[in-house]
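Report on the structure
The primary structure of each chain is shown beneath.
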Amino acid sequence: METADVVIIGGGVIGTSIAYRLAANRKVMLIEKGEIGAQTSGACDKAIFLQSKKPGFPIKLAKASRMVYENLEEELGMNIEFQKNGGMIVIENESHLDFMKQFVKQQNKAGIHVKLVNQKEALAFQPCLSTTIAGATYSPEDAEVNPLLLTQAFAKAVKRKGVIIRRHTEVTDIVIENGKVVAVQTAKGKIATELVINAAGPFAPKIAEMVGIGLPIMPRRGVILISEKVKPMIHGNILCSQYIATKHLSHQTDDTSYGVGLSLGQTESGNLLIGGNREFKGYDKSVEPEVLSAIARHARRIAPSLDFIRIIRTMVGFRPFTNDGLPIISEAPHVKGFIIAAGHEGDGIALAPITGLLVASLVDRDLRYKEFLDQLKLDRFRAYNVSPN
Amino acid sequence: MIQNMLICRCEEVLLADIVASIENGAGTLKAIKMETRAGMGICQGRTCRMLLEQVMDFHTDINVQEANNLSYNNPVRPISLANLSRSGKDSEP
Ligand SMILES: Cc1cc2nc3c(=O)[nH]c(=O)nc-3n(C[C@H](O)[C@H](O)[C@H](O)COP(=O)(O)OP(=O)(O)OC[C@H]3O[C@@H](n4cnc5c(N)ncnc54)[C@H](O)[C@@H]3O)c2cc1C
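Residues numbered from 1 in each chain as written. Chains lettered and ligands numbered in written order. Predicted model: local features only at pLDDT ≥ 70, side-chain atom pairs only at ≥ 80, totals over all residues. Heavy atoms only, no water.

1. A short note on the overall build of chain B
The helix and strand tally for chain B stands at five helices and three strands. Traced from its N-terminal end to its C-terminal end, chain B shows the element sequence β-β-α-α-α-α-β-α. Taking 2.2 N^0.38 as the reference for a compact globule, 93 residues should give roughly 12 Å; the C-alpha atoms of chain B span a radius of gyration of 16 Å, well beyond that estimate. For chain B, buried positions account for 44% of its 93 residues. (Helix = DSSP H or I, 4+ residues; strand = E, 2+ residues; numbered from the N terminus. Rg over C-alpha atoms; globule rule 2.2 N^0.38 Å. Buried < 20%, exposed > 50% of the residue type's maximum accessible area, 1.4 Å probe, protein only.)

2. Focus on the interface of chain A and chain B
With 34 residues of chain A at the interface, the matching set in chain B holds 35 residues. On the chain A side of the contact with chain B, A:Arg297, A:Ile312 and A:Arg313 bury the most area, a combined 20% of that side's loss. Of the charged contacts, one joins B:Glu11 and A:Lys229 as a salt bridge, the two residues approaching to 3.1 Å between their closest N and O atoms. Between chain A and chain B we count 12 residue pairs in polar contact (both at pLDDT 80 or more) in total. Within the residue set of the side of chain A that touches chain B, elements represented by two or more residues are helix H5 (147-160), strand E14 (218-229), strand E17 (271-277), helix H8 (289-302) and strand E18 (310-321) of chain A. (Contact = heavy atoms within 4.5 Å. Buried area = accessible area lost by both parts, 1.4 Å probe. Salt bridge = Lys/Arg side-chain N within 4 Å of Asp/Glu carboxyl O. Polar contact = N/O pair within 3.5 Å; in protein donor to acceptor, adjacent residues only side chain to side chain.)

3. A look at the sheet that holds strand E2 (residues 6-9) of chain A
Residues and elements named next belong to chain A. Read across the open sheet, the six strands follow the order E9-E3-E2-E13-E20-E19; overall the sheet is mixed. With partners counted over all chains shown, the strands left at the sheet margins are strand E9 (164-166) and strand E19 (328-331), one partner each. This sheet shows a mean twist of 15° between the axes of neighbouring strands, independent of strand direction. Pairing of E2 with strand E3 (residues 28-31) involves four bridges; the strand directions are parallel. (Pairing = 2+ DSSP bridges. Axes fitted to C-alpha atoms, helices over the stretch in contact; angles between N-to-C directions.)

4. A few points about the nonpolar core
Residues and elements named next belong to chain A. Judged by nonpolar contacts, the single largest core of 62 residues is most densely connected at Ile-8, Ile-18, Leu-22, Leu-61, Leu-150, Ile-197 and Leu-358. For this core, the secondary-structure elements that each account for two or more residues are E2, helix H1 (13-22), E3, helix H2 (57-76), H5, strand E20 (338-342), helix H9 (348-364) and helix H10 (370-373). Residues within four places of Leu-61 in sequence aside, it is in contact with Leu-326, Pro-327, Leu-351, Ile-354, Leu-358, Phe-372 and Leu-376. Ala-122, Ile-133, Leu-239 and Tyr-258 belong to the second largest nonpolar core, which has 48 residues in total. (Core = buried A, V, L, I, M, F, W, Y, C linked by side-chain atoms within 4.5 Å.)

5. Things to note about the packing of aromatic side chains
Residue and element names in this part refer to chain A. Tallied over the entire structure, the rule returns eight aromatic pairs over all chains. Each ring, one from Tyr-283 and one from Phe-318, has its centre 5.8 Å from the other, and the planes form 70°; the classification is edge-to-face. On the criterion of sequence distance, the pair formed by Tyr-283 in the loop between E17 and H8 and Phe-318 in strand E18 is long-range, its members being 35 residues apart. (Phe/Tyr/Trp six-rings, centres within 6.5 Å; stacked < 30°, edge-to-face > 60°.)

6. Observations concerning the pattern of salt bridges
Per the counting criterion, the structure on display carries 23 salt bridges over all chains. Notably, a salt bridge pairs A:Arg26 with A:Asp364, separated by 2.3 Å at the nearest N-O pair. Taken together, the residues A:Arg26 in the loop between H1 and E3 and A:Asp364 in helix H9 connect sequence positions 338 residues apart. When its relative accessible area of 19% is taken as the criterion, A:Arg26 is described as buried. B:Arg37 serves as the salt-bridge partner of B:Glu11, at 2.9 Å between the closest nitrogen and oxygen. Taken as a pair, B:Glu11 in the loop between strand E1 (6-8) and strand E2 (13-14) and B:Arg37 in the loop between helix H2 (29-36) and helix H3 (48-59) lie far apart in primary sequence, 26 residues in all. Among the ionic contacts, a cluster of salt bridges with common partners joins A:Arg221, A:Glu279, A:Lys281 and A:Glu288.

These values are about where atoms sit, not about what they do.
Here it is as structure tokens:
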């Protein structure tokens with residue numbers, strides 16, 4: 001039987017980032033059911049947004065991750081298209097203006113550089129926007145990265161560090177003896193290990209079930225329209241104030257709006273990424289045509305100059321949603337050797353760099369990130385904190 | 001040089017890029033696509049998919065039928081954003 005010090009389940013941006021930090025002094029195996037980065041981490045936007053985060057701990061976590069990005073490209077030795085282009089939240093109509101004024105005040109207090117700009121200033125920065133918008137907020141701290149390249153860069157770096165990556169290999173069971181992990185069963189054989197990291201993103205609950213743990217993570221579906229290549233026309237990422245409202249409302253989105261809120265960006269190769277929406281539809285990838293047209297309708301209202309740009313395909317992903325918007329980075333309460341690192345919802349790209357460091361610190365039992373890890377424990381969800389006896 | 005042969009015209013991916021990605025361990029069309037961008041352009045692989053299959057067939061002993069794990073998402077043909085916005089059932093008149 002093969003053996004490993006650590007088995008990481010899931011080769012998305014989170015699993016590969018963790019592998020990168022754990023590889024230094026351990027035999028690490030990363031098991032991926034399909035291709036590296038082909039699930040959520042390959043069906044998402046590229047925003048590293050700071051201005052949209054909630055004050056308090058979420059901002060602190062996002063800032064810590066953003067700091068790691070400063071040198072990441074150099075560290076990984078590969079271009080990941082990290083760009084500090086700033087970000088904008090469009091305020092579509094006057095009715096959102098008060099709410100967004102309040103939002104800016106609150107974010108400034110929390111230490112984020114973000115300011116309200118009027119329609120003229122917004123259009124000067126983003127000429128694609130409609131002359132009917134009420135204004136926007138702008139932050140120079142928002143950045144972007146190519147998520148496909150990021151995951152590939154982590155994967156390449158870990159291979160250099162000796163991590164064994166198994167693609168097309170599904171984990172089917174986790175073997176427990178006396179309350180301790182002893183092995184991981186895959187469709188292609190068994191691996192003896194005392195430590196498993198569940199980095200399966202939206203699929204993490206299925207992995208946790210294998211050791212009898214229920215995880216409060218739900219797949220929250222999102223769709224992005226991808227356009228043909230066009231000349232550079234969008235600077236940094238654009239959200240709309242509706243997106244902020246939708247993002248911060250955790251209850252079921254209503255059916256007529258399909259949870260639509262604009263997210264707009266342009267890749268370095270020139271394709272526009274036009275999103276998006278938030279819906280709870282299980283793991284169903286077949287998106288109704290009405291949702292696509294609702295996204296298109298919303299986008300052209302805010303950016304009418306996109307009207308004649310051709311959409312060539314769409315991509316669908318499942319955000320690993322938790323009801324407080326924060327990931328779970330935690331040991332399992334009753335199983336020794338089982339760590340959960342999942343539930344990053346719509347921030348997994350932004351939070352991937354810090355997640356690797358947090359998990360490494362948890363495994364090493366140093367206290368460097370205690371303050372962070374204390375806030376990310378599984379037992380903060382009370383319903384899952386019932387003791388077995 | 002045959003290595004400079006263009007396989008994916010939309011994304012300008014050369015035969016050499018595809019072969020390098022296969023040598024790096026890409027074993028399926030999706031893996032090749034994600035690494036090289038072949039098939040991601042405006043024609044969405046309509047031209048290059050057959051070429052890609054041939055390259056895989058030639059350079060690997062992988063069963064190409066099994067290795068074709070690409071899925072095809074809507075829209076099937078390029079459509080302007082304006083037209084897409086009118087195509088759903090409950091769009092405004
Ligand atoms: C539409 C959309 C837009 C987004 N935009 C942004 C953004 O702008 N910025 C941002 O920061 N975040 C964004 N996100 C969120 C981000 O994409 C996710 O938080 C992140 O990709 C999650 O990464 P992950 O590695 O946890 O999950 P995944 O990428 O899904 O990786 C989990 C992996 O586990 C594998 N797996 C599952 N089951 C098994 C098994 N049994 N055995 C082996 N392997 C298994 C899967 O195949 C998968 O590859 C967006 C998400 C969506 C859907």
